[in-house]
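What the coordinates show
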Amino acid sequence: MRRNVIIDCDPGHDDAIAIIVALANSEKLNVLGITTVAGNTTLDNATKNALRILEICGKDIPVSMGYSDPLLNKVQTAAFVHGESGMDGPELFEPQLKPTGKHAIEFLKETIENSLEKVTLIPLGPLTNIGVLLKTYPQLIEKIDVVSIMGGSIYGGNILPKAEFNIYQDPEAAKMVFESGVNIIMAPIEACNEGGIYFDESDKFVEGGKVSKFAYELFQYYGQYCKKNGWPYTVIYDMTAVICLLHPEYFESEPMRVTIETQGASTRGMTVCDFRGGAHIGKCEDPVTVLTHIKDRDKFVQVLFDSLKALDSQLS
Ligand code: RIB
Ligand code: CA
């Protein structure tokens, strides 16, 4: 089944790779649009980066700007990971493409309403846009097949001991999404961490075409952060939320009740995943499909390698 999808993101090195994988698999994913949100970097930077990624890939897909801050607080950008631009490393040209001028919420609403098929949303950043959309227009839920989220964690966080970056940025918006009743697949840190790309694998990207060389430059920069953390490879969190739609058979998952902590002094932004199963899950009306493992890393990362080759050959 070919899915109509909208990617909501905060590019961001791993967002960029996730977008590349989605664009390369157009026989399965019909990317209707991209919406941007502040997170890894400012909204303006994220939007320019999204436009740059599309231009490099030779795709003219509408990009609409969303919220420049979370609902309650100011965004806490992650220049320490992604650099001041949000996508340091590659040469950052001034994009020719322009955003639609529509707010992300209106673009999402119109596109979902006008789609003949149900739409799949793929949020890869803080959930501000998606939370407001579902709170404001709950009637859209029946036209959303699934929301495949990179976010949250089952046991431990990254930005804080118990909070993952995307959820932590806007826990109130995340709560709106997880309590909306929409169908959710959650790609938590733990599953994403099993799908890393070894440094010698990404070094080879330099031998490819334009898109591969762009990916090489992204990995060269972002890989330094991973090396500094002592990781054995580069973790591209966001592409997990895309690949699980292309190849669900590559994953193990569990239905879980997931609640969002918004009050905790040291746990604000935590995704409280109830993995007790059994009778406990029986009382949960809308369990979340939580990805728990990547069954085969080689097959998982091969999707990226094939995606780079596919886009390179489209441009040659
Ligand atoms: O915690 C990882 C997530 O936060 C990824 O989406 C990354 O791009 C950042 O947004
Ligand atoms: Ca992201």
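Structure's up top.
Definitions and cut-offs
- Residues numbered from 1 in each chain as written.
- Chains lettered and ligands numbered in written order.
- Predicted model: local features only at pLDDT ≥ 70, side-chain atom pairs only at ≥ 80, totals over all residues.
- Heavy atoms only, no water.
- Donors = N, O, S within 2.8 Å, 3.2 Å for Na, K, Ca; no water.
- Helix = DSSP H or I, 4+ residues; strand = E, 2+ residues; numbered from the N terminus.
- Buried < 20%, exposed > 50% of the residue type's maximum accessible area, 1.4 Å probe, protein only.
- Core = buried A, V, L, I, M, F, W, Y, C linked by side-chain atoms within 4.5 Å.
- Near = heavy atom within 4 Å.
- Polar contact = N/O pair within 3.5 Å; in protein donor to acceptor, adjacent residues only side chain to side chain.
- Areas by Shrake-Rupley, 256 points an atom, 1.4 Å probe, with all protein chains shown as cover.
- Nonpolar A, V, L, I, M, F, W, Y, C, P; charged D, E, K, R; others polar.
- Pairing = 2+ DSSP bridges.
- Axes fitted to C-alpha atoms, helices over the stretch in contact; angles between N-to-C directions.
- Contact = heavy atoms within 4.5 Å.
- Right-handed = clockwise from strand over helix to strand, strands pointing away.
- Expected span 1.5 Å × (residues − 1).

**Things to note about the coordination of the calcium ion (ligand 2)**
At the metal site, the calcium ion (ligand 2) is ligated by Asp10 (OD), Asp15 (OD), Asp15 (OD), Leu124 (O) and Asp238 (OD), and these contacts range over 2.2 to 2.6 Å. Counting gaps between the donor residues of the calcium ion (ligand 2) yields the pattern D-x4-D-x108-L-x113-D. Of the two residues, Asp10 is situated in the loop between strand E1 (3-9) and helix H1 (13-24) and Asp238 in the loop between helix H10 (210-228) and helix H11 (239-246); the sequence distance between them amounts to 228 residues. Across this residue pair, the class does not change: Asp10 and Asp238 are buried.

**A look at the nonpolar core**
Counting 68 residues, the largest nonpolar core has Ile7, Ile17, Ile20, Ile34, Met239 and Leu304 as its most contacted members. It is H1 that provides the largest number of residues to this core, a total of nine residues. Counting 33 residues, the second-largest nonpolar core is a separate cluster that includes Ile130, Ile167, Ile260 and Cys273.

**Considerations on the site of ligand 1**
Around ligand 1 sit Asp10, Asp14, Asp15, Asn40, Leu124, Met150, Asn158, Glu164, Phe165, Asn166, Tyr237 and Asp238, and that is every residue in its neighbourhood. Within the contact set of ligand 1, an oxygen atom lies 2.6 Å away from a side-chain nitrogen or oxygen of Asp14. Within the contact set of ligand 1, an oxygen atom lies 2.8 Å away from a backbone nitrogen or oxygen of Leu124. When ligand 1 sits alone it has 280 Å² of accessible area, and the protein chains cover 96% of it. Residues that form the shell around ligand 1 fall into these classes: four nonpolar, three polar and five charged.

**Some points on the sheet that holds strand E5 (residues 144-150)**
Pairing is mixed in the open sheet, where nine strands are placed in the order E3-E2-E1-E4-E5-E6-E9-E7-E8. Edge positions in the sheet fall to strand E3 (63-65) and strand E8 (271-274), since each of these pairs with one other strand and no more. The mean inter-strand angle of the sheet, taken between neighbouring strand axes irrespective of direction, is 30 degrees. Lying over the sheet, helix H5 (residues 128-136) contacts E1, strand E2 (29-36), strand E4 (119-123) and E5, oriented at roughly 140 degrees with respect to E4.

**Remarks on the pairing of E4**
For E4, a buried count of five out of five residues is recorded, marking the element as mostly surrounded by other parts of the structure. Residue alternation in E4 divides its side chains into two sets, Val119, Leu121 and Pro123 and Thr120 and Ile122, and both sets are buried. As paired elements, E1 and E4 share five bridges and run parallel to each other. Counted as the bridge partner of Asn4 is Val119 from E4. Here E4 pairs with E5 via three bridges, running parallel. By the bridge assignment for E5, Val119 is matched with Ile144. Taken together, E4, H5 and E5 constitute a β-α-β crossover, and its handedness is right-handed.

**Looking at the environment of Ile105**
Position of Ile105 relative to the elements: it lies in helix H4 (residues 104-114). Sequence separation between Ile105 and Ile149 is 44 residues; the distance between their C-alpha atoms is 17 Å. Setting aside its immediate chain neighbours within four residues, Ile105 contacts Tyr67, Asn129, Val132, Leu133 and Tyr137.

**A word on helix H13 (residues 297-315)**
Taking 1.5 Å as the rise per residue, H13 with 19 residues should run 27 Å; its terminal C-alpha atoms sit 28 Å apart, in good agreement. Arg297, Phe300, Val301, Val303, Leu304, Phe305, Ser307, Leu308, Leu311 and Asp312 are the residues of H13 that are buried. Where H13 is buried, its residues touch H1, helix H9 (199-203), H10, H11, strand E7 (251-260) and strand E9 (288-294). Sitting at the amino-terminal end of H13 is Asp296, which places a side-chain oxygen 3.0 Å from the backbone nitrogen of Asp298.

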